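Reading the structure
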Amino acid sequence: MNKFTFRGGVHPPYNKITSNKKIEALPLPEVLYVPLSQHAGKPAKPLVKRGDVVKKGQKIGEADGFISANIHAPTSGKVKSIMEHPHPVFLENVPTVIIEADGDDTWFDGYGERKDWQERTREEIINDVKEAGIVGLGGAAFPSHVKLSPPPEKKIDTVIINGAECEPYLTADDRLMQERPEDMLWGARLIKRAVGAEKVYIAIEDNKPKAINSIQDALREFDDIELRVVKTKYPEGAEKQLIKALTGREVPRGGLPMDVGCLVHNAGTSIAIYEAVRFGKPLIERVLTLSGSGAQGKGNYLVRIGTQFSYIVGKTGGTSGDIKKVIMGGPMMGISQYSLDVPVIKGTSGILLFTSKEVKFHEPYPCIRCSRCVSVCPMGLLPLILVDLVKYGRLEIAKEQYGLLDCIECGSCAYICPSHIPHVQWIKYGKSELRRKK
Ligand code: SF4
Ligand code: SF4
């Protein structure tokens, strides 16, 4: 089988130790913490107040503008309060709807299978996705209805369902593809119809043989969709790299996949879209991977949005060893957490509990000009130069001449650097300074 790939990248230890663990639904917690901001764009506007009784799937936050997303109650119960609460991305307190579960888990009235779901029109599919508050589940959390609505001059001919899951440790998408291949393919078909594409590719890295087999079997019923096996290499699942690997097209500097006729959706997002169109199901739960040597109950879990990390860790056997680091997402691009009292949000693909087995602190040394960072950068940038330019405040030069804003923050440069230079920290700092000045 021909395997596709891109230039650059690295091979960190993949540690996909939970790929054989079936998805397990965790019991419902008594209290859920549902932030009104779980997506790229503006936070949702609250539709409920303290004391309101809500049903499972009821809209409790309304998208505020085009780039925003609806928020729904993950279970039935009572709104205990709307208050500032810790958040796993913003790392500060943000407005959050706190719901006391009544234990009945009663669905809102609009939930149920639609007879015409296979015949939904483009407009109906986009509206279903918008109403359901679906965002990219790979971590970026960009509202999916926006991606499905490119301007008329941007014709999408190719849809790519991203099952690469190139981040070490994470196996949630792998398990979804193994356990629910037909649902994912139906989602892909609905996305194809929504944007009027001609081709759909399912991209899976070659370190997921069971998922590949499962999708291959299911594809017998989907002759309009093709499987593309990509080489296992980080960051194979980054949008621009995947597009280049599969189509040979290069997204221009500062551009988007739609500029080259492509649309990329994550494998889990594809299933969420299928559920939204078929059942009118809002995005109120997701599958995530719990892993790392500090997690007793390593596995893949279906959890409600708003479940505290501490609840998940407690319900799965607690911690083991001395926890040095907690990460939401993967170890390369994930976000370090300072507390387990943060809730699962739509973009929580994993919770990693690392001990000293995984966490090694290194003092950075001066650059030895070995150029390894340059050879692995998938965006063709010069990370060593970017770091120096940011350090010395030459931000405009870093942006205009060296493509600071093109960095996808994949961390390949920092991973490979023998001097342990924290490139990504400098690059993020440079970007935030540019934003601040603007
Ligand atoms: S400069 Fe940016 S895109 Fe290039 S390797 Fe480093 S983090 Fe990745
Ligand atoms: S990999 Fe590290 S030491 Fe080598 S050139 Fe890049 S920044 Fe310098």
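Residues numbered from 1 in each chain as written. Chains lettered and ligands numbered in written order. Predicted model: local features only at pLDDT ≥ 70, side-chain atom pairs only at ≥ 80, totals over all residues.

**Focus on the nonpolar core**
Among the nonpolar cores identified, the biggest contains 119 residues, and Ile160 and Ala203 are the most heavily contacted of them. For this core, the leading source of residues is helix α4 (residues 181-195), giving eight residues. In this structure, this core is formed jointly by two domains, domain 1 (117-279) and domain 2 (372-437), each of which donates at least three residues. (Core = buried A, V, L, I, M, F, W, Y, C linked by C-beta atoms within 7 Å. Buried ≥ 20, exposed ≤ 12 C-beta atoms within 10 Å, placed from the backbone. Helix = DSSP H or I, 4+ residues; strand = E, 2+ residues; numbered from the N terminus. Domains from an automatic or database assignment.)

**Here we look at the site of ligand 1**
Looking at ligand 1, there are 16 residues lining it, with Cys377, Cys407, Cys410, Ser412 and Cys413 nearest. Secondary-structure elements contributing two or more residues to the shell around ligand 1 are α12 (412-416) and α13 (423-437). Class assignment of the residues belonging to the shell around ligand 1 gives a composition of twelve nonpolar, three polar and one charged. (Near = placed C-beta within 6 Å. Nonpolar A, V, L, I, M, F, W, Y, C, P; charged D, E, K, R; others polar.)

**Considering the domain arrangement of the chain**
We note that the domain assignment places domain 1 (117-279) and domain 2 (372-437) within the chain. Between domain 1 and domain 2, the C-alpha centre-to-centre distance is 29 Å. On the domain 2 side, the residues contacting the six residues of domain 1 number seven residues. Of the residues contributing to the side of domain 1 that touches domain 2, the split by class is three nonpolar, two polar and one charged. (Contact = placed C-beta atoms within 7 Å.)

**Description of the site of ligand 2**
In the neighbourhood of ligand 2, 13 residues make up the surrounding shell, with Cys367, Cys370, Cys373, Leu384 and Cys417 lying closest. Taken together, the residues that form the shell around ligand 2 break down as nine nonpolar, two polar and two charged.

**A few points about the environment of isoleucine 408**
Here isoleucine 408 lies in the loop between α11 (395-400) and α12. Along the chain, isoleucine 408 and alanine 398 lie ten residues apart, while their C-alpha atoms are 15 Å from each other. Look past the residues within four positions of isoleucine 408 in its chain and what remains in contact with it is Ala238 and Met379.

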